[in-house]
Amino acid sequence: MDKRILGGDLEVSGLGLGCMGFSHAYGEPVDEATGIDAIRYAYDIGYRFFDTAECYGPYENEELVGKALNGRKDAVIATKFGVTLKGVTPTPDSRPEVIRKSVEGSLKRLGVEAIDLYYQHRPDPKVEPETVAQVMKELAAEGKILHWGISEASQEYIERADAIFHVTAIQNRYSMMWRDYESYFPMLEKRKIGFVAFSPLANGLLSRAYDASSTFDPKSNYRASMPQYAPGAYEENRKLFSLLDDLASSHNTTPAVVSLAWMMAKKDYIVPIPGTRKKERMLENARASELKLSSQDVAAIDEALSSMTMSAVFGGHK
Ligand SMILES: NC(=O)c1ccc[n+]([C@@H]2O[C@H](COP(=O)([O-])OP(=O)(O)OC[C@H]3O[C@@H](n4cnc5c(N)ncnc54)[C@H](OP(=O)(O)O)[C@@H]3O)[C@@H](O)[C@H]2O)c1
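Conventions used here
- Residues numbered from 1 in each chain as written.
- Predicted model: local features only at pLDDT ≥ 70, side-chain atom pairs only at ≥ 80, totals over all residues.
- Heavy atoms only, no water.
- Helix = DSSP H or I, 4+ residues; strand = E, 2+ residues; numbered from the N terminus.
- Rg over C-alpha atoms; globule rule 2.2 N^0.38 Å.
- Buried < 20%, exposed > 50% of the residue type's maximum accessible area, 1.4 Å probe, protein only.
- Arc of directions from axis to C-beta.
- Contact = heavy atoms within 4.5 Å.
- Phe/Tyr/Trp six-rings, centres within 6.5 Å; stacked < 30°, edge-to-face > 60°.
- Lys NZ or Arg CZ within 6 Å of the ring centre and 35° of its normal.
- Expected span 1.5 Å × (residues − 1).
- Near = heavy atom within 4 Å.
- Polar contact = N/O pair within 3.5 Å; in protein donor to acceptor, adjacent residues only side chain to side chain.
- Areas by Shrake-Rupley, 256 points an atom, 1.4 Å probe, with all protein chains shown as cover.
- Nonpolar A, V, L, I, M, F, W, Y, C, P; charged D, E, K, R; others polar.
- Pairing = 2+ DSSP bridges.

Visitor: Pulling in residues and values, what's your account of the overall build of the protein?
Guide: Assigned secondary structure in the protein consists of eleven helices and twelve strands. For the protein, the C-alpha radius of gyration of 19 Å lies close to 20 Å, the compact-globule estimate for 318 residues. On the principal axes, the C-alpha backbone points of the protein span a range of 50 × 45 × 35 Å. Counting only residues that meet the buried cut, the protein has 55% of its 318 residues in that class.

Visitor: Mind laying out helix α5 (residues 155-164), listing which residues take part and the relevant values?
Guide: The α-helix winds at 3.6 residues per turn, so residues separated by three or four positions along the chain end up facing the same way. Taken together, the buried positions of α5 are Y157, I158, A161 and D162. Relative to the axis of α5, the buried residues are bounded by an arc of 125° and lie together on one face. Exposed side of α5, more than 90 degrees from the buried face: E156 and A163 are the residues found there. In this fold, the buried residues of α5 make contact with β8 (117-120), α4 (129-141), β9 (148-151), β10 (169-173) and α6 (185-191).

Visitor: Give me the packing of aromatic side chains: which residues, what numbers.
Guide: Throughout the structure, instances matching the rule amount to twelve aromatic pairs. Ring geometry for Y210 versus Y229: centroids 5.8 Å apart, planes at 85°, classification edge-to-face. Taken as a pair, Y210 in the loop between β11 (194-198) and α7 (233-236) and Y229 in the loop between β11 and α7 lie far apart in primary sequence, 19 residues in all. Of the two residues examined, Y210 and Y229, each falls in the buried class. Plain terms: the ring middles of Y229 and Y234 are 6.5 Å apart, the flat faces sit at 65° to each other, and that makes the pair edge-to-face. Ring-pair connections join several aromatic residues into one group, and the members of that group are Y174, F185, F195, W262 and Y269. In this structure, R48 is placed above the aromatic ring of Y43, and the distance from its NZ or CZ to the ring centre is 3.7 Å. If you follow R72 out to its NZ or CZ, it ends over the ring of Y43, 5.6 Å from the centre.

Visitor: Break down helix α8 (residues 238-250) for me, citing the residues and quoting the values.
Guide: Over its 13 residues, α8 runs 18 Å from end to end, which matches the ideal 18 Å to within 8%, given 1.5 Å per residue. Turning to α8, its buried residues number three or more, namely L240, F241, L243, L244, L247 and A248. Along the axis of α8, the buried positions cluster into a sector of 160°, meaning they face one direction only. In α8, the exposed residues that point more than 90 degrees away from the buried face are D246, S249 and S250. Residues of α8 that are buried in the fold lie against α7, α9 (255-266) and α11 (295-307). Positive backbone phi, approximately 55°, marks N252, located one or two places after α8.

Visitor: Please provide a residue-by-residue account of the site of the ligand, values included.
Guide: Not every one of the 32 residues close to the ligand is listed here, only the nearest: Y26, D51, T276, K278 and R281. P200 places a polar main-chain atom, nitrogen or oxygen, 3.4 Å from an oxygen atom of the ligand. At 2.8 Å, a backbone N or O of G275 approaches an oxygen atom of the ligand. Look at the ligand: alone it shows 900 Å² of surface, and the protein chains cover 95% of it. Top element by residues in the shell around the ligand is helix α10 (residues 279-286). It accounts for three residues. Taken together, the residues that form the shell around the ligand break down as 13 nonpolar, eleven polar and eight charged.

Visitor: Residue-level account of unusual backbone geometry, with values.
Guide: Note that the residue after G57, namely P58, is joined by a cis bond; omega there is -5°. Its location among the elements puts P58 in the loop between β4 (49-51) and α2 (60-69). Here the phi dihedral of K192 falls at roughly 55°; this positive angle occurs in a residue that is not glycine. Looking at the secondary structure, you find K192 in the loop between α6 and β11. What makes K192 exposed here is its relative accessible area of 58%. Phi angles above zero are rare outside glycine, and S199 is one such case at about 45°. Within the element layout of this structure, S199 appears in the loop between β11 and α7. By relative accessible area, which is 17% here, S199 ends up buried.

Visitor: Residues and numbers for the pairing of strand β1 (residues 3-6), please.
Guide: Within a regular beta strand, the side chains point alternately toward one face of the sheet and then the other, so they alternate between its two faces. Here β1 shows a buried face lined by R4 and L6 and an unburied face lined by K3 and I5. The pairing of β1 with strand β2 (residues 10-13) spans four bridges and is classified as antiparallel. Counted as the bridge partner of I5 is E11 from β2.

Visitor: Tell me about the environment of D268, residues and numbers included.
Guide: Position of D268 among the secondary structure elements: in the loop between α9 and β12 (270-272). Of the residues examined, D268 reaches a relative accessible area of 59% and is grouped as exposed. On a C-alpha basis, the gap between D268 and K3 in space is 9.7 Å, while along the polypeptide they are 265 residues apart.

That is the geometry; function is a separate question.
This is the structure:
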């Protein structure tokens, strides 16, 4: 797989593997042996960037990723602090003493000497960005983290944090259904900050593997209540689906690959992290690294996306 650089000096594979779904949000967690086997498969086919978080599970996902990648020193592992998950409602908590406790736990569970990329999972309205950045600077000086990032923050927040200690990457929602963060591109370029795209398939919808007859267990699968999977949404997304189907057929590939290749063609600092527990889908998604869409292709897709109506998408609120 191609390599990409985040934040000026962090080399990762062109796509990362979102590991959340092994333990959280997309159905009952997989058993440990199955999860380890799948993550190692991703490594074997070229993924070198793996995404987890303290609150996935909580804790179990970091343990799984740590066990799976044990000894694979060129695997870049990103994890996150600053969110306490109670039920499905995340509560931000980035008090310095909480971060310091979190980092020790994550290092232990991942079985690493330093965390490659440590994100603040969500800004905490009670803690200033300068305070969080200062803690990151100290953790880096202590050798506990190598890079840091921020997920779902305002531009002002990112700039204030970056002024204290360089932010390597933001991690934000980004897909053909949610393009609002494109407005951040000039700021990211000015400050040499990478963009890691989460939910790049709009929680799987853009793969076209699901239709109006798909059902999800409301106890374990958040898709049961996501607006893009609601009754009626498939009809609202009819134009989007035909665009994806046409693109897939003209490039002799799949809708998932086109969706990922589209964002990768936009900027060389964009790294999607599609999540999947299935080996064949890891292989499929990795093919986005080979599909090089031209700037004309991207402009035509953008124009089509901007002019069509589509349903709401999970998390796509200000
Ligand atoms: N920073 C944050 O706040 C935040 C929030 C959400 C997610 N994330 C991270 O971002 C990663 C990706 O986001 P996401 O998992 O929410 O959304 P996503 O990558 O858009 O979609 C994941 C879903 O799509 C399915 N899928 C993936 N590839 C597919 C393919 N080729 N064909 C058909 N279905 C496919 C997967 O199902 P199967 O597993 O059944 O294949 C999974 O349920 C997560 O794993 C997590 O690490 C971060």
